[in-house]
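Analysis of the macromolecular model
Spelled out from the first residue to the last, the chains are:
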Amino acid sequence: MSVVSPQAVDVTYPVHEFRLANGLHVIVSPDHSAPIVAVNLWYDVGSRDEHRGQWGLAHLFEHLMFEGSAHTGKGEHLQLMQSVGGQVNATTWFDRTNYFETVPIGALDLAVWLEADRLASVGAHLTAENVANQQDVVISERRQRYDNAPYGDVLEHIVRIAFPDDHPYGHTTIGAVTDIEAVTVETAAAFFAAHYGPDTAVLSLVGDVTPEAGLAVAERHFGGLPPVGRAARDVPAPLPPLESGSTVEVTGRVAADAAYAVWRLPAHGTTELDALGYALLALGSGQNSRLHRRLVRGDAIAADVGTSVFELAGGNSIGLAYALGLPGTPAEALAAALRSEVARLADGTTADEHLRARATLEREWLAELASVDDRADRFGEYTTLHGDPGLVNGRLAALAGVSRAAVAAATARWLSPASAGFLHYRRAEA
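So, here is what we can say about the structure in this document.

Reading the values: the criteria
- Residues numbered from 1 in each chain as written.
- Predicted model: local features only at pLDDT ≥ 70, side-chain atom pairs only at ≥ 80, totals over all residues.
- Heavy atoms only, no water.
- Helix = DSSP H or I, 4+ residues; strand = E, 2+ residues; numbered from the N terminus.
- Rg over C-alpha atoms; globule rule 2.2 N^0.38 Å.
- Buried < 20%, exposed > 50% of the residue type's maximum accessible area, 1.4 Å probe, protein only.
- Contact = heavy atoms within 4.5 Å.
- Areas by Shrake-Rupley, 256 points an atom, 1.4 Å probe, with all protein chains shown as cover.
- Phe/Tyr/Trp six-rings, centres within 6.5 Å; stacked < 30°, edge-to-face > 60°.
- Lys NZ or Arg CZ within 6 Å of the ring centre and 35° of its normal.

This part takes up the overall build of the protein chain. Counting secondary structure elements, the protein chain contains 15 helices and 11 strands. By the compact-globule yardstick of 22 Å for 430 residues, the protein chain fits well, its C-alpha radius of gyration being 23 Å. Taken along the three principal axes of its C-alpha coordinates, the protein chain extends 60 × 50 × 40 Å. Counting only residues that meet the buried cut, the protein chain has 54% of its 430 residues in that class. Relative to all contacts within the protein chain whose residues are 6 or more apart in sequence, the contacts with residues 24 or more apart total 80%. Total accessible area on the protein chain is roughly 17800 Å²; 53% of this is exposed by carbon and sulfur atoms.

Scanning the entire structure with this criterion turns up 14 aromatic pairs. Between the aromatic rings of Trp93 and Phe94, the centroid separation amounts to 4.6 Å while the plane-to-plane angle is 80°, which identifies the pairing as edge-to-face. With centroids separated by 5.3 Å and ring planes inclined at 65°, the aromatic side chains of Tyr151 and Tyr425 adopt a geometry described as edge-to-face. Highlighted residues: Tyr151 in the loop between α4 (128-147) and α5 (154-162) and Tyr425 in strand β11 (residues 420-427), separated in sequence by 274 residues. With respect to class, Tyr151 is no different from Tyr425; both count as buried. Among the aromatic side chains, those forming a connected cluster through ring pairs are Tyr43, Phe61, Phe66, Tyr99, Phe192 and Tyr196. Its guanidinium or amino end placed over the ring of Trp42, Arg96 lies 5.2 Å from that ring's centre, counting from NZ or CZ.

Looking now at helix α10 (residues 290-298). Looking only at α10, the buried set comprises Arg290, Leu291, His292 and Leu295. Buried residues along α10 sit against α9 (271-284), β9 (302-310), β10 (316-325), α11 (331-344) and α12 (351-369). Of the residues flanking the end of α10, it is Ala300, one or two places downstream, whose phi is positive at about 55°.

Next up, the structure:
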């Protein structure tokens with residue numbers, strides 16, 4: 001059955017962009033459909049900014065930002081936001097750390113004040129006690145999600161396949177236990193002083209707020225903070241596709257063998273990466289994908305298959321295809337099937353696959369923009385990584401502009417068995 005060609009979709013959100021004298025980038029996007037507002041701060045700092053011996057420091061500092069500041073005690077930021085019906089969280093990744101709240105509009109001033117207060121003063125209020133507390137929390141998180149979870153350490157192996165050991169992306173955000181344990185008040189404060197300032201931040205306000213009110217609340221609470229004055233960082237030079245021949249062997253306490261194909265891809269925001277997104281969707285997304293039809297329904301050797309892209313801004317991203325085997329299927333058989341289906345991509349995607357991928361990408365993008373909190377996150381992303389919040393409104397057109405010829409060309413350069421590194425994850429014998 002042929003896929004119906006998707007209709008062109010025009011979704012444009014208002015974007016008002018301001019820059020305070022201290023460098024804070026402020027984005028205000030009014031949406032008066034509900035009396036709520038998303039307050040989202042992207043800081044241009046992530047695990048790529050860590051030095052050797054400090055792996056995990058960016059993520060640890062995300063936790064420390066909730067340990068109290070000049071006018072709040074330990075955990076009070078979270079308590080105050082929840083007391084007014086707000087939702088609060090934070091995340092760290094290779095390229096950024098972000099802090100975000102979604103609150104009733106009446107709590108906008110409180111939310112922005114809390115963010116400004118900890119930016120102004122967290123570094124001076126760190127103690128050995130709260131550093132130790134969060135070291136325990138982060139190490140426990142690592143053990144729960146990485147060390148003791150089935151296939152939990154896969155990401156660590158993937159980044160080591162994709163990047164040299166000394167590359168900024170050559171280690172995971174969760175970090176190393178020994179490095180986390182070695183963090184002191186002084187090293188944490190120095191990291192904060194080097195990377196956290198209004199001039200390294202993007203504040204996005206999306207919801208029931210006018211541009212004038214959004215700018216006023218940002219100026220009121222952030223305007224008096226001094227810039228950190230961080231020197232421009234070296235952006236990692238783009239690396240070529242991986243060379244063939246690398247296979248990493250891992251054994252763990254898992255139910256069955258698995259195989260992973262890893263590619264080094266172009267950076268976030270490039271047209272080539274968009275084209276490769278189409279190819280990887282055709283390869284392994286959903287029950288109509290090639291991997292599912294071959295490995296799950298046809299050969300019946302895999303319980304699950306899939307593909308994904310880790311979009312990174314500094315030179316290169318990571319592409320991934322995987323197959324989780326049925327009990328008794330060896331990793332070699334899974335990897336051979338992955339190689340075979342990847343090799344078939346050299347013939348290009350079909351017209352139906354192309355339309356299906358476009359529809360999937362458009363649906364996923366529109367779903368992300370449906371809520372004010374996710375929309376604020378996208379404004380923060382494109383402003384931090386590319387300096388242009390307007391790219392959010394141009395994203396659908398960019399996706400629709402990807403041709404089958406562009407997909408074929410990008411696939412030939414970046415996605416082939418010869419440019420993949422492989423991970424064989426084997427079930428440990430009892």
